[in-house]
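Residue-level listing of the chains:
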Amino acid sequence: MSTEGPPPPAAPRGRPGCLMVPARTKTAIALLYDEESENAYDIRLKLTKEVLTIQKQDVVCVGRSHQSRNHRTVTLHRQPVGGLGLSIKGGSEHNVPVVISKIFKDQAADQTGMLFVGDAVLQVNGIHVENATHEEVVHLLRNAGDEVTITVEYLREAPAFLKLPLGSPGPSSDHSSGASSPLFDSGLHLNGNSSTTAPSSPSSPIAKDPRYEKRWLDTLSVPLSMARISRYKAGTEKLRWNAFEVLALDGVSSGILRFYTAQDGTDWLRAVSANIRELTLQNMKMVNKCCSPSDQVVHMGWVNEKLQGADSSQTFRPKFLALKGPSFYVFSTPPVSTFDWVRAERTYHLCEVLFKVHKFWLTEDCWLQANLYLGLQDFDFEDQRPYCFSVVAGYGKSHVFNVELGSELAVWEKSFQRATFLEVQRTRSRTYMCSWQGEMLCFTVDFALGFTCFESKTKNVLWRFKFSQLKGSSDDGKTRVKLLFQNLDTKQIETKELEFQDLTAVLHCIHSFIAAKVASVDPGFMDSQSLARKYMYSS
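This report concerns the structure included in the present document. Keep in mind the model is a prediction, meaning the values are calculated, not measured. Each chain has its residues counted from 1, following the order in which its sequence is written. Only residues with pLDDT of 70 or above have their local features reported here, since the model is predicted, and side-chain atom pairs are shown and tallied only from 80 upward, although totals for entire chains, interfaces and linings are computed over all residues. Side-chain calculation: all heavy atoms of the structure are included, whereas hydrogens and water are not.

1. Considering the overall build of the protein chain
Rule in force here: A run of H or I in DSSP becomes a helix once it reaches four residues, and a run of E becomes a strand once it reaches two; helices and strands are each numbered from the N terminus. The criterion used for residue contact is that any of the two residues' heavy atoms lie within 4.5 Å. Throughout, the Shrake-Rupley method with a 1.4 Å probe supplies accessible areas, and for residues the shown protein chains are the sole cover considered.
Summing up its helical and strand segments, the protein chain has 7 helices and 28 strands in all. Of all intrachain contacts in the protein chain linking residues separated by at least 6 positions in sequence, the fraction that spans at least 24 positions is 61%. When the accessible area of the protein chain is evaluated, it comes to approximately 26,000 Å², of which 51% is carbon and sulfur surface.

2. Considerations on the sheet that holds strand E17 (residues 327-331)
The line we're drawing: DSSP bridges decide pairing: two strands pair if at least two such bridges lie between them. Axis lines are fitted through C-alpha atoms, for helices just across the contact stretch, and the angle between N-to-C directions can take any value from 0 to 180 degrees.
Strand order across the open sheet formed by 7 strands is E18-E17-E16-E15-E21-E20-E19, with antiparallel pairing between neighbours. Whereas interior strands pair on both sides, the edge strands pair on one side only; in this sheet they are strand E18 (346-349) and strand E19 (354-357). Direction aside, neighbouring strands of the sheet carry axes that sit 30° apart on average. As judged from the 5 bridges shared by strand E16 (residues 316-324) and E17, these two strands associate in the antiparallel manner. Bridge pairing links Lys324 to Ser327 in E17. Where helix H3 (residues 262-289) meets the sheet, its contacts fall on strand E15 (297-306) and E16, and the angle it forms with E15 comes to roughly 130°.

3. A word on the sheet that holds strand E14 (residues 253-258)
The strand order across the open sheet formed by 7 strands is E11-E3-E2-E1-E14-E13-E12, and the pairing between neighbours is antiparallel. Among the strands making up the open sheet, the edge pair consists of strand E11 (212-223) and strand E12 (228-230). Going across the sheet, the axis of each strand differs from the next one's by a mean of 40°, ignoring polarity. Of the pairings in the sheet, the one linking strand E3 (residues 51-61) to E11 comprises 11 bridges and is antiparallel in character. Following the sheet pairing, Val59 is matched in E11 by Lys214.

4. Remarks on the nonpolar core
Formally: What is meant by a nonpolar core is a set of buried Ala, Val, Leu, Ile, Met, Phe, Trp, Tyr and Cys residues, joined one to another through side-chain atoms within 4.5 Å. We call a residue buried when its accessible area falls under 20% of the maximum for its residue type, exposed when it is over 50%, and partly exposed in between, using a 1.4 Å probe and counting protein chains only.
Ranked by internal contacts, the top residues of the largest apolar core, which has 34 residues, are Leu76, Leu86, Leu115, Leu141 and Ile150. Those elements that place two or more of their residues in this core are strand E4 (72-77), strand E5 (86-91), strand E6 (96-103), strand E7 (119-124), helix H2 (134-142) and strand E9 (147-154). Among the elements that line this core, the one with the most residues is E6, at 5 residues. Within the second largest apolar cluster, 30 residues are counted, among which are Val424, Phe447, Cys453 and Leu470.

5. Focus on the side chain of Asp502
So the rule is basically this: The charged-residue count follows a simple rule in which Lys and Arg add positive charge and Asp and Glu add negative charge, with His and chain termini not counted at all. Between Lys or Arg on one side and Asp or Glu on the other, a salt bridge is scored when a side-chain nitrogen of the former is within 4 Å of a carboxyl oxygen of the latter. Polar contacts, as used here, are pairs of N or O atoms within 3.5 Å; protein pairs need one atom able to donate a hydrogen and one able to accept it. Residues neighboring in sequence count only if both atoms are side-chain atoms.
Note on placement: Asp502 falls in the loop between strand E28 (493-500) and helix H6 (503-521). Buried and without a salt bridge, Asp502 has Arg430 as its closest oppositely charged side chain, separated by 9.2 Å. Separated by 3.4 Å, the side chain of Asp502 and the backbone nitrogen of Ala505 make a polar contact. When residues no more than four places from it in sequence are discounted, the contact partners of Asp502 are Gly394 and Tyr395.

6. Quick word on the packing of aromatic side chains
Describing an aromatic ring pair means giving the distance of the ring centres and the angle of the ring planes. Our working rule: Centres within 6.5 Å are what make two rings of Phe, Tyr or Trp a pair, Trp counting through its six-membered ring; a difference in plane orientation under 30 degrees is then read as stacked, over 60 as edge-to-face, and the rest as tilted. Our definition puts a charge over a ring when NZ of Lys or CZ of Arg is within 6 Å of the ring centre and also within 35 degrees of the ring normal.
Under the definition given, this model contains 23 aromatic pairs. Ring geometry for Trp463 versus Phe465: centroids 5.7 Å apart, planes at 45°, classification tilted. As far as the burial class goes, Trp463 and Phe465 line up, both buried. By way of ring pairs, the aromatic residues Phe328, Tyr348, Phe355, Phe389, Phe401, Trp412 and Phe416 are connected into one cluster. Above the plane of the ring of Trp302 lies Arg228, whose end atom (NZ or CZ) is 5.7 Å from the centre.

7. As for the packing of helix H5 (residues 406-427) against H6
The test is simple: Note on terminology: angles under 35 degrees are roughly parallel, angles over 145 are roughly antiparallel, angles of 65 to 115 are roughly perpendicular, and the others are oblique. Gly falls in the polar group here, along with every residue not listed as nonpolar (Ala, Val, Leu, Ile, Met, Phe, Trp, Tyr, Cys, Pro) or charged (Asp, Glu, Lys, Arg).
Close contact between H5 and H6 brings their axes to 9 Å; oriented N to C, the two are set at 95°. Here H5 is positioned roughly perpendicular relative to H6, judged by the angle of their axes. Across the interface between the two elements, Thr420, Phe421, Val424, Gln425 and Thr427 of H5 pack against Ser512, Phe513, Ala516, Ala519 and Ser520 of H6. Residue classes in the contact of H5 with H6 are distributed as 5 nonpolar, 5 polar and no charged.

8. Looking at the side chain of Gln57
By the secondary structure assignment, Gln57 is in strand E3. At 3.1 Å, the side chain of Gln57 forms a polar contact with the side chain of Tyr154.

9. A short note on the pattern of salt bridges
All chains considered together, the criterion is met by 14 salt bridges. We note a salt bridge from Asp119 to Arg72, for which the minimum N-O separation is 2.6 Å. Placement of Asp119 in strand E7 and of Arg72 in strand E4 is noted, with a sequence separation of 47 residues between them. Like Arg72, Asp119 is buried.

Pasting the structure below:
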């Protein structure tokens, strides 16, 4: 059962904007999947604002105990009606020990108070049965006489295919046959071969005997600060349906968490992501206290970067991105100190990069689009990851990134737009060296004045146009660009041709300034980006 706050409001029509989910606390039963053995084990998850805790069931002594390794030796008195009062599953032929699968209320096993569903049978009357087959243990228990002494230990990682019931902490955990299983129950609640027909005394705990209870115990805690989530199998494009892994900054992994339904998996993915996001915001606030107003962190977080080249054995690898002050940073690990900011793998000027969301919409249905964007619904993308964006920098250098949820993609898009807008507002203008017909010139993009071209030596202005006069552009993909301006007096189009060393950076700078100019009049960032692209890429 999951416990959580009220559901988030319904997504608005059209393309969703910032759709992050508030932080929450949750608990639920899930599965821990082992990729090597391909077995899954029942666990309980506890999510708090700072930690994801994985719990496993175990039997603990709540009284005095003289036994070691949680081994319990229990004597059962076979009853005329009900026998030993338990059923078993498993066996060496299934590569699992024989375990108690049912305990019947008020019968011999239940009366001891020391046996539980999930206990692995280690010995029967002193005979070791850890490696015995199912039939061997059944035969031994049925023919062990009226008094049967068994040694058990709770199997904390019982494979899910055993379908052992969960939930009740007491020994009387299940009284019905339950769902079908690849392993069958062998009931030992009927009388076996006994040496006497006289009624046996009921099995009951002695007052001085230790008392045991089945409880959920913490086995692993994964700190969520700067943690990342992966839904993909390492080194592949294989998506884990209804499953994900949480990896902490210190390397601790939750293991592969698998959920019983797609909705449960989505709910947990969103909840953990929201808590990580909330902690990231707290870290950003701490960093910003030590930074000047012009060098604030706008956004940061984990993404997956697509590797370039066909020789790569791994198509995506985790990267940590940050938008801080005038720069866009790419890290292999998150910066945790001031010194770490100078150790970025890549640093780009925000005004000279172009952010682009990759289209992945599969339908015109706006509600289905909203579900896709939130990660509420999955589709087969034919090995292509959804929720991707690219960042194109100077000299045509391109990075392709992927995030786990559509809501994260929306946040990155908004954050890039906001960070770029703030940087344009701070710098106000950028000047680049250029040339035309052998003459060295300077080209300035100014937030207030628009475009200005002047001689590098004499500073003599050759021409100047406002942003609104730019009607289109074209380039050769290398160094040359043609800018098409409309003369305000003649209404004629004037073509200005220039040559730059890094043409890509200049075009992106023009795009950033136009978008910021439009956004300063109309804060609709999405519209300003579209308008800037219209100016820049129409010919």
